[in-house]
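# Report on the structure
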Amino acid sequence: MEVDVYNNNKMETIKQKGYWFYAKDVIKNQNIQSSFQIPAAVYLKIGAIVMLVRNIIAEEGLCNGTIGTVILIENNAVWVNMNKKEVKIECVKEEILDCSHAVVGSRFGLPLKLAFPFTVHKAQGSTMNKAVVQFNSKAFNNSLYYVSLSRVCNINDIFIIINNKLDLRKIFRSIIFDSDVLEFYKKYM
């Protein structure tokens, strides 16, 4: 929820015209409505920071989690600067299958969401040049601390927002690691 509020506040600071993109759903089972990766609606402006939520062309680096900046908005597509390339992102179809592989729902929509900030879960597996992390004690556990702190290659490129230093000390003390990992680093790094 905090990520959504922050994204909406950042969008308000962009003085460009905004455009809504609405997905089209075909739902055979109402229980799967919230299971789609593609958002039901996304509001975009030129200059917005966005993230792909589906693999588009993985071999070109256009995969789930790739971040870019909106540079042009067309009727049914958005041009985004991703991986130092201008990429046209169009609506795609996402299907949800049941255990017998029958389609129980589909969504046709823009595979983008706002990403001024994003959750640690979404950052997992990514490497970033710089990161600003805001620890929220309601949402974090020991493994999420590690995931958030290990997204950058250089410790000087991570910035932590926290209410007080005592909380930060508790967090650092709570992070544990496997002794096999430590031995690996001693041996190979």
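Let me sum up the structure you'll find in this document. These figures come from a predicted structure and were not determined experimentally.

Examined bridge by bridge, strand S4 (residues 49-52) and strand S5 (residues 67-73) share three bridges and lie antiparallel to one another. Counted as the bridge partner of methionine 51 is isoleucine 67 from S5. When S4 meets strand S10 (residues 112-114), the two strands line up antiparallel, connected through three bridges. If you follow methionine 51 over to S10, its bridge partner there is lysine 113.

This part covers a nonpolar patch on the surface. A cluster of nonpolar side chains, Val181, Phe184, Tyr185, Tyr188 and Met189, forms an exposed patch at the surface whose accessible area comes to about 560 Å². Looking at where phenylalanine 184 falls in the secondary structure, it is placed in helix H5 (residues 179-188). With a relative accessible area of 40%, phenylalanine 184 lands in the partly exposed category.

Counting residues in each nonpolar core, the largest one holds 19 residues, and the members touching the most others are Leu44, Val78, Val80, Leu110 and Leu112. At the level of secondary structure, the elements contributing two or more residues to this core comprise strand S3 (41-44), S4, S5, strand S6 (77-82), strand S7 (85-90) and S10. Dropping the residues within four chain positions of it, leucine 44 is found in contact with Met11, Lys17, Gly18, Tyr19, Phe21, Val50, Ile73, Val78, Leu110, Leu112 and Leu114. Counting eleven residues, the second largest nonpolar core, distinct from the first, contains Ala123, Ala131, Val133 and Ile158.

Here is what the cut-offs are and how they apply
Residues numbered from 1 in each chain as written. Predicted model: local features only at pLDDT ≥ 70, side-chain atom pairs only at ≥ 80, totals over all residues. Heavy atoms only, no water. Pairing = 2+ DSSP bridges. Helix = DSSP H or I, 4+ residues; strand = E, 2+ residues; numbered from the N terminus. Patch = residues over 30% accessible without salt bridge, like charges linked within 9 Å, V, L, I, M, F, W, Y side chains within 5 Å. Areas by Shrake-Rupley, 256 points an atom, 1.4 Å probe, with all protein chains shown as cover. Salt bridge = Lys/Arg side-chain N within 4 Å of Asp/Glu carboxyl O. Buried < 20%, exposed > 50% of the residue type's maximum accessible area, 1.4 Å probe, protein only. Core = buried A, V, L, I, M, F, W, Y, C linked by side-chain atoms within 4.5 Å. Contact = heavy atoms within 4.5 Å.

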